[in-house]
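In case you want the letters, here they are:
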Amino acid sequence: MKQFSCGDVVPGCRKTFRAPTEADILGAVGAHARDDHGLAEVPAALVEQVRGRILTLA
C-alpha cells in the first residue's frame, strides 16, 4: 500500500491518498490538483516532488 499527503508539497493542504500502487496515487493526486488546487496541468517538477514523498506502508 502507498500513501501520499498533499501537505508535504502544498503547505496547508490536508488531503491524504492511499492506494495499492504509485500509479494509482499519481492519478488521484492529478485529479485533486485539478479539482482542488486549480491546476489545469501538473508540471513535471511537481510530479517528481510527489513521487519523492510517496510512502510505502507495511
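Described in the following lines is the structure provided in the data block. (Residues numbered from 1 in each chain as written. Predicted model: local features only at pLDDT ≥ 70, side-chain atom pairs only at ≥ 80, totals over all residues. Heavy atoms only, no water.)

Observations regarding the side chain of Gln3
Relative to the assigned elements, Gln3 resides in strand 1 (residues 2-5). Reaching out from Gln3, the side chain makes a polar contact with the side chain of Arg18 at a distance of 2.6 Å. In this structure Gln3 touches Thr16, Phe17, Arg18, Ile25, Arg53, Ile54, Leu55 and Leu57, once residues within four positions along its chain are discounted. (Helix = DSSP H or I, 4+ residues; strand = E, 2+ residues; numbered from the N terminus. Polar contact = N/O pair within 3.5 Å; in protein donor to acceptor, adjacent residues only side chain to side chain. Contact = heavy atoms within 4.5 Å.)

Examining the packing of helix 1 (residues 22-37) against helix 2 (residues 44-53)
In the contact formed by helix 1 and helix 2, the axes pass within 11 Å of each other and the chain directions differ by 130°. Put simply, helix 1 runs oblique to helix 2. Remark: the crossing between helix 1 and helix 2 carries right-handed chirality. Facing helix 1, whose interface residues are Glu22, Leu26 and Val29, helix 2 presents Val47, Val50 and Arg51. Residue composition of the contact of helix 1 with helix 2, grouped by class: 4 nonpolar, no polar and 2 charged. (Axes fitted to C-alpha atoms, helices over the stretch in contact; angles between N-to-C directions. Parallel < 35°, antiparallel > 145°, perpendicular 65-115°, else oblique. Left-handed = near helix turned anticlockwise from the far one by under 90°. Nonpolar A, V, L, I, M, F, W, Y, C, P; charged D, E, K, R; others polar.)

Brief notes about the state of the cysteines
Any covalent bond linking the sulfur atoms of two cysteines counts as a disulfide. Under the defined criterion, the tally for this structure stands at 0 disulfides. With no disulfide of its own, Cys6 lies closest to Cys13 among cysteine sulfurs, the gap being 3.6 Å. Residue classification places Cys6 among the buried residues on the basis of a relative accessible area of 4%. (Disulfide = S-S within 2.5 Å. Buried < 20%, exposed > 50% of the residue type's maximum accessible area, 1.4 Å probe, protein only.)

Examining the nonpolar core
Grouped together as the largest cluster of nonpolar side chains are 9 residues: Phe4, Cys6, Cys13, Phe17, Ala19, Ile25, Val29, Val50 and Ile54. Looking at this core, the elements with two or more residues in it are strand 2 (16-19) and helix 1. Ignoring sequence-local partners within four residues, the contact set of Ile25 consists of Lys2, Gln3, Phe4, Phe17, Arg18, Ala19 and Ile54. (Core = buried A, V, L, I, M, F, W, Y, C linked by side-chain atoms within 4.5 Å.)

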